[in-house]
Amino acid sequence: MGRGERGDLSDAEWERLRPFLPVSNGRCGRWRDHRQVIDGILHRVRTGVQWRDLPERFGPWKTVYERHRLWSANGTWERLLQQAQAAADAAGQIDWGISVDSTVVRAHQHAAGARTAPPPARKGGQVAEHQDESPWQSLVGQLVEVGERGEGLGRSRGGFTSKIHLSADGRCRPLSLIVTAGERADCTQFVPVLERIRVPRLGLGRPRKKPDSVTADKAYSNGPCREYLRRRGIRHIIPEKTDSWAARLRKGSRGGRPPGFDEERYKKRNTVERAINRLKNSRAVATRYDKRCYVFLGTVTVAVLVIWLRS
């Protein structure tokens, strides 16, 4: 079975990734064929198959797994995603009217029981941030180590769960994401998710981090979220909760003005729901099989990268 199988990188997609792939593995010379290994990783992310059951055409399964684990740890997947986003932004293909939401992912029983050893050191991503990191980005670096034994696993009646918090542009493509335990409240990750938006410029200039507007549901309707958006000068469309509305009316003139709300623009919030649906087309994302949180984060990042390459 040769190239061209369903889910493999096309020639155009490979040429977009090839210039940004690492050349040396830092130990014993050059890597094996990157394209073959990446196709194996994409196959596993799409199907959710066990690593040991990868088809032989992708080479040794352990090579594929170790490449994915290492690139999840050192931030390679995240850098590839940023390059894909940068190319889209340079072509004017990003709709910066973004939406924010989260989705719960059921964790397989084999996702529990990871060793307590820390993940490998990262030069980028959520464990060790970029040199120009902000205090909020440092906070994001800690959020990947929350939950059951620091692996982003939360308990519910149905068992272990994880939660993916993400922002999506107006074309249903995730811009930033964070993985936490399943019971983590949505509003607690609102600011970190927005701080994770970082689209580099292809030429000179600072990365773009500020959206034109933010749309979110009532789960994010609280004072800290609105204050953060006002401080950054970001327009927002967030409906007011019923209890907040009643409390404001009881206070009369002391309750202040009601927050602005554009009902027509709020209808576009479905873009983040559609982005989640596209993301969960990958079975290794819809159900978490990875024991380590940073590996699962890499799996989700690979699924997001595929969306950007093919949209």
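This report concerns the structure included in the present document. Within every chain, residues take consecutive numbers counted from 1 along the sequence as written. Residue-level local features of this predicted model are given only where pLDDT is at least 70; pairs of side-chain atoms are given and counted only at 80 or more, and the full residue set underlies all totals for whole chains, interfaces and linings. The side-chain values count all of the structure's non-hydrogen atoms but skip hydrogen atoms and water molecules.

### Some words on the environment of Leu42
So, point 1. As for its placement among the helices and strands, Leu42 is situated in helix α2 (residues 34-47).
So, point 2. Using a 1.4 Å probe on the protein chains alone, a residue whose accessible area is under 20% of its type maximum counts as buried, one over 50% counts as exposed, and one in between counts as partly exposed. For Leu42, a relative accessible area of 8% puts it in the buried group.
So, point 3. Contacts are residue-level and defined by heavy atoms, with any inter-residue pair within 4.5 Å sufficient. Excluding its chain neighbours within four sequence positions, the residues that come into contact with Leu42 are Gly7, Leu9, Val302, Val306 and Arg310. Strands here are runs of E lasting at least two residues and helices are runs of H or I lasting at least four, both read from the DSSP assignment and numbered beginning at the N terminus.

### Let's talk about the side chain of Thr180
So, point 1. Tracing the backbone shows Thr180 in strand β4 (residues 174-181).
So, point 2. Assessed through its relative accessible area of 0%, Thr180 is described here as buried.
So, point 3. Reaching out from Thr180, the side chain makes a polar contact with the side chain of His165 at a distance of 2.8 Å. The term polar contact refers here to a pair of N or O atoms within 3.5 Å; inside protein, the definition further demands a hydrogen-donor-capable atom paired with an acceptor-capable atom, and it admits residues adjacent in sequence only when both atoms are side-chain atoms.

### Observations regarding the nonpolar core
So, point 1. To form a nonpolar core, buried Ala, Val, Leu, Ile, Met, Phe, Trp, Tyr and Cys residues must be joined to one another through side-chain atoms within 4.5 Å. Core analysis: the biggest nonpolar cluster contains 63 residues, and Phe190 and Leu194 have the highest contact counts within it.
So, point 2. For this core, the element with the most residues is helix α12 (residues 293-309), which contributes 12 residues.
So, point 3. Those residues in contact with Leu194, other than ones at most four positions away along the chain, are Ile98, Val100, Lys209, Val214, Tyr228, Leu229 and Arg232.
So, point 4. If you look at the next biggest cluster of nonpolar residues, it comprises five residues, including Ala107, Ala111, Leu153 and Phe160.

### A few points about the pattern of salt bridges
So, point 1. For this analysis, a salt bridge means a side-chain nitrogen from Lys or Arg found within 4 Å of a carboxyl oxygen belonging to Asp or Glu. Using the criterion set out here, one finds 17 salt bridges in the structure.
So, point 2. The shortest N-O distance in the salt bridge between Arg292 and Glu151 comes to 2.8 Å. Of this pair, Arg292 sits in the loop between β7 (287-288) and α12 while Glu151 is found in the loop between α5 (135-143) and β2 (154-156), placing the two residues 141 residues apart along the sequence. Note on accessibility: Arg292 and Glu151 belong to one class, buried.

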